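Chain residues, written in single-letter form:
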Amino acid sequence: MNKLKEALPIVQKNNWSNPWQWVLISLVSLKLFIHLWSANRYGFHRDELLYLTQGNHLSFGYMEVPPFTAWMGRLARVIGGDSLFTIRTLTALAGLGVVLLSIQIVKKLTQSNKNSSLFAQVLVVACILASPALYRNHTLFQPVVFDQLFWLLTYYFLLNYLLHSKAVYLLLLGAMAGLGMLAKYNMLFCGGGIVIAMLFTPHRNLIWRKQGWTALSVFALVFLPNLLWQYWYDFPVMDHFKGLYKKQLQGGNPASFLWSQIRMHQYITAPIWIAGLVYFLKTTRLRWLGWAYLSTLALFILANGQAYYFNGIYPLMFAGGAVLVSQLLEKIKFQKLIKPPLMITLLIFGMISMPYGTPFLPISQFIDYTQQTGINPIKRLPSGRVSNLTGDYADMFGWKEQVKIVADLYHKLSKEEKEQCLIWGENYGEAGALNYLGKAYQLPPAISVHGSFYLWGAGNPKATMAITVGLSKKDMEELFEEVTLVQMFKHPYAIDEEHNIPILICRKLRQPIRNKWKQWRKYVFS
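Residues numbered from 1 in each chain as written. Predicted model: local features only at pLDDT ≥ 70, side-chain atom pairs only at ≥ 80, totals over all residues. Heavy atoms only, no water.

## Focus on the pairing of strand β6 (residues 501-509)
Regular strands place side chains that alternate from one sheet face to the opposite one. Quick note on the threshold: The rule is simple: take the accessible area with a 1.4 Å probe, protein chains only, and divide by the maximum for that residue type; under 20% is buried, over 50% is exposed, in between is partly exposed. Comment: elements are numbered from the N terminus, with helices defined as DSSP H or I runs of at least four residues and strands as E runs of at least two. By the convention used here, strands pair only if DSSP detects at least 2 bridges between them.
Counting buried positions over the 9 residues of β6 gives 7, a clear majority of the element. Note that strand β4 (residues 465-469) and β6 share 4 bridges and pair antiparallel. Looking at β6, one finds that Thr468 is bridged to Leu504. Relative to β6, strand β5 (residues 480-489) runs antiparallel, the two being bridged by 8 bridges. From the neighbouring strand, Met488 faces β6, where its bridge partner is Pro502.

## Some remarks on the pairing of β4
Counting buried residues in β4 gives 5 out of 5 residues, a clear majority hidden from the surface. Alternating residues of β4 divide into Met465, Ile467 and Val469 and Ala466 and Thr468, and every residue in both groups is buried. With 5 bridges joining them, strand β3 (residues 421-425) and β4 adopt parallel strand pairing. The partner of Leu422 across the bridge, within β4, is Ala466.

## Considering the layout of surface pockets
Rolled over the atoms, a probe as big as a water molecule pinpoints where empty space is left. Here is the rule we go by: A 1.4 Å probe that fits but cannot get out identifies a cavity on a 1 Å grid over protein atoms alone, an open set with protein on both sides within 12 Å along at least five of seven lines counts as a pocket, and a residue lines either if it has an atom within 4 Å of a point. Grid points are joined across faces, edges and corners, and a volume is the space filled by probe spheres set on the points. For this classification, Asp, Glu, Lys and Arg are treated as charged, while Ala, Val, Leu, Ile, Met, Phe, Trp, Tyr, Cys and Pro are nonpolar and the rest, including Gly, are polar.
Space inside the second largest pocket adds up to approximately 500 Å³. As for the second largest pocket, its lining consists of 21 residues, of which Leu173, Gly191, Val195, Gly212 and Leu216 are closest to the centre. Counting only elements with at least two residues in the lining of the second largest pocket, the list comes to α8 (143-164), α9 (167-183), α10 (187-199), α11 (205-208) and α12 (210-232). If one sorts the elements of the lining of the second largest pocket by residue count, α10 sits on top with 8 residues. Taken together, the residues of the lining of the second largest pocket sort by class into 16 nonpolar, 5 polar and no charged.

## Brief notes about the packing of helix α2 (residues 19-38) against helix α18 (residues 335-357)
Where we set the bar: In this analysis, axes come from line fits to C-alpha atoms, helices being fitted only over the stretch in contact, and the angle between any two N-to-C directions falls in the range 0 to 180 degrees. Angular relationships are summarised with four words: roughly parallel below 35 degrees, roughly antiparallel beyond 145, roughly perpendicular across 65 to 115, and oblique for the angles in between. Every residue pair with non-hydrogen atoms within 4.5 Å of one another is taken to be in contact.
In contact at an axis separation of 14 Å, α2 and α18 are set at 5° when each is read in the N-to-C sense. Taken together, the axes of α2 and α18 lie roughly parallel to each other. Along the contact surface, α2 presents Trp20, Leu27, Leu30 and Ile34, while α18 presents Lys339, Pro340, Met343, Leu347, Met351 and Met354. Residue composition of the contact of α2 with α18, grouped by class: 9 nonpolar, no polar and 1 charged.

## Description of the packing of α10 against helix α16 (residues 287-302)
Which entries qualify depends on this criterion: In this scheme the crossing of two helices becomes right-handed for a clockwise turn of the near helix relative to the far one and left-handed for an anticlockwise turn of less than a right angle.
Close contact between α10 and α16 brings their axes to 7 Å; oriented N to C, the two are set at 125°. Taken together, α10 and α16 sit at an angle that is classed as oblique. Crossing of α10 against α16: the hand is right-handed. Contacts from Phe189, Gly192, Gly193, Ile196, Ala197 and Met198 of α10 reach α16 at Trp288, Trp291, Ala292, Ser295, Thr296, Leu299 and Phe300. Classifying every residue of the contact of α10 with α16 by side-chain character gives 9 nonpolar, 4 polar and no charged.

## Some words on the packing of aromatic side chains
Inclusion rule: Centres within 6.5 Å are what make two rings of Phe, Tyr or Trp a pair, Trp counting through its six-membered ring; a difference in plane orientation under 30 degrees is then read as stacked, over 60 as edge-to-face, and the rest as tilted. By the criterion adopted, a ring carries a charge over it if an Arg CZ or a Lys NZ lies within 6 Å of its centre and within 35 degrees of its normal.
Counted by the stated rule, this structure contains 42 aromatic pairs. Both rings, one in Tyr356 and one in Tyr369, keep their centres 6.1 Å apart while their planes meet at 55°; by these two values the pair is tilted. A residue pair is termed long-range when its members are at least 10 positions apart, and Tyr356 in helix α18 and Tyr369 in helix α19 (residues 363-373) qualify at 13 residues. Taking the relative accessible area as the measure of exposure, Tyr369 reaches 18% and is therefore buried. Here the aromatic residues Trp151, Tyr155, Phe189, Phe257, Trp273, Tyr293, Phe300, Tyr308, Tyr309, Phe310, Tyr314 and Phe318 are joined through ring pairs into a cluster of three or more. A cation over an aromatic ring shows up here: Lys339 above the ring of Phe119, its NZ or CZ 4.9 Å from the ring centre. Positioned above the aromatic ring of Tyr436 is the side chain of Lys439, whose terminal nitrogen or guanidinium carbon lies 4.8 Å from the ring centre.

Encoded structure:
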């Protein structure tokens with residue numbers, strides 16, 4: 001137990017007379033406030049609806065993702081209920097964990113130079129506040145925020161081991177890497193980058209030593225339940241990856257990936273995280289961190305990964321850059337004249353870009369704001385739609401309206417028809433909304449062939465009719481004798497694939513849906 005206490009982050013004694021201490025507290029509080037203020041805006045994102053529905057079917061795996069996010073969603077709902085605010089508060093707290101851990105890394109790196117430590121802590125938080133990508137990652141209830149947290153914990157405990165040579169750090173490293181794999185398979189890149197980095201430094205011996213294999217064993221033990229689940233279901237993750245490569249990961253190139261690393265976190269922060277890379281590479285005992293960045297970057301480029309997959313390493317790079325910048329400023333006579341403008345500049349850029357990363361403003365005000373700033377301005381079209389609204393924001397609109405229409409149709413049915421009626425969504429967003437938001441209208445569980453919904457089957461075996469969202473009239477006419485178009489659903493802000501889609505009532509099912517279910521396995525990731 002004593003060893004475990006030593007391994008966990010230790011809060012150093014605070015210097016309350018130093019004004020930078022109060023600045024640090026204010027910035028950390030600001031980070032949390034921004035996300036809590038934004039938590040209830042717009043509506044559930046389609047991915048959030050999927051993960052929350054997965055939480056109703058607790059398992060060690062799902063078709064698209066590992067189970068950790070679904071587990072956390074279920075836990076949050078048990079504690080705080082089903083509201084959007086509750087779910088996104090969990091994400092905000094995980095994002096706050098990333099901030100606090102970044103501060104702890106700075107403290108660890110500055111133990112021998114207390115003079116520069118406090119300003120470096122402030123600087124790393126300011127960099128996180130200046131990053132639009134991290135606002136986005138710490139807003140939505142998705143695996144990304146947990147992935148970042150476990151990346152940072154993995155680096156933190158390996159750093160502690162290499163500085164202090166205590167075996168307990170490696171056990172914790174293995175556990176965090178294992179949990180990271182249960183959050184997002186992206187952890188493979190983090191681990192692969194660390195192993196390659198070790199080969200370029202004297203720490204390579206750790207790979208072959210008993211302690212290294214012990215950490216690997218802990219990792220395997222934590223990850224094993226999901227691996228067994230994948231084996232039991234014939235590794236659906238491989239089909240998912242194939243689908244990703246067809247739809248999202250083709251056409252990328254190293255230049256665009258590298259440019260995205262600068263653009264995602266704003267140009268103003270680039271000198272800081274690049275300084276972090278320089279700091280790690282020039283410091284002998286920390287050189288493996290610099291190589292970890294470069295090797296992980298190379299792995300993502302080779303794999304044609306999306307740029308945001310790499311976001312988990314940037315709080316670490318901000319920490320290294322903050323340490324180097326603060327050390328350099330300590331050598332400058334007029335440092336007191338430089339530090340405040342540096343912080344203010346980062347915060348100004350951060351606050352300008354913040355509404356683009358998290359829904360801080362009501363949607364109408366946000367549209368006006370983009371036109372005023374001229375940054376990716378959103379235009380109102382004569383049709384009532386808008387153009388240039390980001391996909392993540394657009395994906396938060398339309399769900400409750402879809403569910404309300406379906407609920408009105410369902411409750412107009414006779415009692416006998418209700419007992420024989422399926423609720424069917426074409427994709428996991430529609431099915432997730434019908435499941436999660438439909439509870440308030442006493443709708444039966446929705447079915448879908450898309451994603452993990454396929455695992456949960458064809459629904460009511462007595463069904464003879466269905467209310468469908470997003471499925472084409474032509475396809476439904478192959479399954480039902482009578483198909484009626486109720487309306488084409490439209491919404492001014494919804495993403496294109498959820499705008500102008502059919503809502504149908506289908507009657508006289510030709511044959512039980514379950515007879516077709518196995519044939520439709522090929523459409524799970526289409």
